[in-house]
Amino acid sequence: MYENVQLFIAGRWREGSDGASLPVVNPADERVIGQVSVATIADLDEAAEASWRGFKAWSKVSAFERSKILRKAADLLRERADEIGRLMTLEHGKTLFESRFETVLGADIIDWYAEEGKRAYGRIIPARLTGVRQMVIKQPVGPVAAFTPWNFPINQAVRKIAGALAAGCSIVLKGPEETPRSCAELVRAFVDAGVPGDAVNLVYGVPAEISSHLIPHPLIRKITFTGSTAVGKQLASLAGAHMKRITMELGGHAPVVVMDDADVPNAVTALRTSKYRNNGQVCVSPTRFLIQDGVYDRFVATFVEQTKQIKVGNGLEEDIDVGALANDRRLSAMEVLIADATARGGKVATGGRRIGNSGFFFEPTVLTDVPTDARIMNEEPFGPVIIANRFGHIEDAIAEANRLPYGLAAYAYTRSAKSIDILSEAFESGMVSVNQQGLALPETPFGGVKDSGYGSEGGSEALEPFLNTKFVSQIGA
Ligand code: NAD
């Protein structure tokens, strides 16, 4: 059922040129379910050269024609969502519902870009001299090297592939080695829809080897990465040294401010669903809950009660709310961060332990009274844990929310229009959601500030990173 995953280079599915591969593990039982091919340097060169040819051909296809092909890819993804969802659950651990939802949302993202690609408008600037025409035109930047992680094997990759292709660029994608099959199925949908084989290339292998070869590669014109801040900084500095355009979608540590006047039942329900989605392995996951004194006890008691009802298990089974963590690194990170927090005086209100000893299952966890110097208050936990701390005055909540170098998402729950204004304005983050968890739709901007990166991967802003601006001043002959 789970076939080995190959590279897709120059229009051909094939193994790496030296035949090397890496194992793919099912996080629910730790068994090896297949292999993913590893690209050599020669394979990377071939992919970069193909992407240059692909760019030359694809950029000449009209925006309307490109749009039709992308929309066909979206339809194929929808048609195949059940099958792809199953493969994703096998390699990632998330529930079938989540895997299928991610696939279908991926199709919506393609549709969005397919339409936006028709709107790469330039403009005419009135000239100072009679007979002069001043035009601003938008052109695709060229071949893109993209690097995407394992937490959303389709969703992270689709924003980059669809954005590049809609703008008329080609792409070499380094997909996630731990969850390669669903990402490969995404690429297959584009190819089956009619994107020329050279325009979309897929490689896997040793991440540092691939990025250090592709980023400086003279045929690659744009770099886009989603992953940790630490790796993002390395890649951004390499890209800077070679003057490549960059988009960085990095880590977060989202604060949630719950004011005394919040609708507590609504806040608990919305935040609980949002927190444990994808087992908390989400860059915009709500993490540092800052709850005002007056509602603290009620909020925590209700949140803990609802958290205890969550069913954790094999994502392939029915009636499971949360599956396995995607890899053993997340499991040990949870154990280490929670042990550190409790050693410093934090309390475990529920959860806090691994479930069983086979598969990467971890209890949905609520920590309270965690001191600021605890590691989990400073490092992105990227797992099923919330920190519930209290505050007195709104200014204290804002100071804590903005304390970290991260600046991706921030959330607020309050019935006061004044507090909504103050918090929306004050959060140092790329995205704010108030009284709901309303982020990451195809049509809305998605991206961070500070150490969470730069550039947007949603909304009408999302095409811009794949376009160059050219000014043409002309006078008739
Ligand atoms: P990691 O930092 O080793 O890897 C993160 C991602 O970057 C992976 O996809 C990996 O393949 C890739 N990567 C690593 N080194 C690379 C390199 N030199 N060149 C190109 N790509 C490289 O960590 P991890 O254990 O896989 O994930 C842990 C942390 O990463 C999480 O705690 C979280 O902070 C962050 N993360 C963020 C996102 C996101 O959506 N922003 C997604 C996944 C992971």
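Just above, that's the structure.
Everything quoted here is computed from the prediction, not taken from an experiment.

Undergrad: What is the right way to read the pattern of salt bridges from this model?
TA: Side chains bearing opposite charge may pair, as long as their charged atoms lie close to each other. Considering all chains together, one arrives at 35 salt bridges under this definition. In this structure, Arg71 and Asp111 form a salt bridge, with 3.6 Å as the shortest nitrogen-oxygen distance. In this pair, Arg71 sits in helix α2 (residues 63–79) while Asp111 sits in helix α4 (residues 96–116), placing the two residues 40 residues apart along the sequence. Classification of Asp111 by relative accessible area gives buried; the value is 13%. Taking the shortest distance from any N to any O, the salt bridge between Arg80 and Asp192 comes out at 2.9 Å.

Undergrad: Hey, could you run me through the site of the ligand in this one?
TA: Taken together, 23 residues lie near the ligand, and Trp150, Ser211, Ser228, Arg329 and Glu380 sit nearest. Side-chain polar atom of Trp150 to an oxygen atom of the ligand: 2.8 Å apart, as the coordinates give it. Starting from 790 Å² of accessible surface for the ligand in isolation, the protein chains cover 84%. The site holding the ligand turns out to be the largest pocket. Listing elements by their share of the shell around the ligand, those giving two or more residues are α7 (207–214), β10 (222–226), α8 (229–241) and α11 (328–343). Here the residues of the shell around the ligand sort into 11 nonpolar, 7 polar and 5 charged.

Undergrad: I tried to follow the nonpolar core on my own but got confused; where do I start?
TA: If you look at soluble globular proteins, the nonpolar side chains tend to sit buried side by side. In terms of nonpolar packing, the biggest core is built from 74 residues, with Ile110, Phe147, Ile161, Leu186 and Phe190 touching the most fellow members. Those residues in contact with Phe190, other than ones at most four positions away along the chain, are Leu70, Ala73, Ile110, Val158, Ile161, Ala162, Leu165 and Val195.

Undergrad: Got a minute to help me understand the sheet that holds strand β20 (residues 467–475) in this structure?
TA: Through backbone hydrogen bonds, the strands of a sheet pair up, either in parallel or in antiparallel fashion. An order of β5-β6-β20 is seen for the 3 strands of this open sheet, with the pairing classed as antiparallel. The open sheet is flanked by β5 (123–125) and β20, the only strands paired with a single partner. Put simply, the sheet's adjacent strands are angled 25 degrees from each other on average, direction ignored. Where β5 meets strand β6 (residues 132–140), 3 bridges bridge the pair, whose relative direction is antiparallel. Directly across from Ile124, in β6, lies its bridge partner Met135.

Undergrad: Looking at this structure, how should I read the sheet that holds strand β16 (residues 385–391)?
TA: On the basis of which strands lie adjacent, the open sheet formed by 7 strands has the order β14-β15-β16-β13-β12-β17-β18 and mixed pairing. Each end of this open sheet is capped by a strand with a single partner; those strands are β14 (347–350) and β18 (431–434). Averaged over all neighbouring strand pairs, the angle between strand axes comes to 25 degrees, with direction disregarded. Two elements, β14 and strand β15 (residues 365–368), share 3 bridges in a ladder whose sense is antiparallel. Paired with Val348 across the strands is Leu367, a residue of β15. Against the sheet, helix α9 (residues 264–276) engages β12 (254–258), β13 (286–292), β15, β16 and β17 (409–413), with an angle of about 160 degrees to β13. Where helix α12 (residues 394–401) meets the sheet, its contacts fall on β12, β13 and β16, and the angle it forms with β13 comes to roughly 165 degrees.

Undergrad: It is not clear to me how α8 should be interpreted in this structure. Could you clarify?
TA: Because an α-helix packs 3.6 residues into every turn, residues spaced three or four apart end up facing the same way. Between its terminal C-alpha atoms α8 stretches 18 Å, which fits the 18 Å expected from 13 residues at 1.5 Å a residue. Those residues of α8 that are buried lie in contact with β7 (144–147), α7, β10, β11 (245–249) and β19 (453–454). A positive backbone phi angle near 55 degrees is found at Met243, which sits one or two residues after α8.

Undergrad: I'm lost on the environment of Tyr296 in this one. Help?
TA: In this structure, Tyr296 sits in helix α10 (residues 293–308). Accessibility expressed as a relative area gives 4% for Tyr296, which makes it buried. Residues in contact with Tyr296, not counting those within four places in the same chain, are Ile291, Thr368, Asp369, Ala388, Asn389 and Arg390.

Thresholds applied
- Residues numbered from 1 in each chain as written.
- Predicted model: local features only at pLDDT ≥ 70, side-chain atom pairs only at ≥ 80, totals over all residues.
- Heavy atoms only, no water.
- Salt bridge = Lys/Arg side-chain N within 4 Å of Asp/Glu carboxyl O.
- Helix = DSSP H or I, 4+ residues; strand = E, 2+ residues; numbered from the N terminus.
- Buried < 20%, exposed > 50% of the residue type's maximum accessible area, 1.4 Å probe, protein only.
- Near = heavy atom within 4 Å.
- Polar contact = N/O pair within 3.5 Å; in protein donor to acceptor, adjacent residues only side chain to side chain.
- Areas by Shrake-Rupley, 256 points an atom, 1.4 Å probe, with all protein chains shown as cover.
- 1 Å grid on protein atoms, 1.4 Å probe; cavity = no way out; pocket = protein on both sides within 12 Å on 5 of 7 lines; lining within 4 Å.
- Sits in = over half its atoms within 2 Å of the grid points.
- Nonpolar A, V, L, I, M, F, W, Y, C, P; charged D, E, K, R; others polar.
- Core = buried A, V, L, I, M, F, W, Y, C linked by side-chain atoms within 4.5 Å.
- Contact = heavy atoms within 4.5 Å.
- Pairing = 2+ DSSP bridges.
- Axes fitted to C-alpha atoms, helices over the stretch in contact; angles between N-to-C directions.
- Expected span 1.5 Å × (residues − 1).

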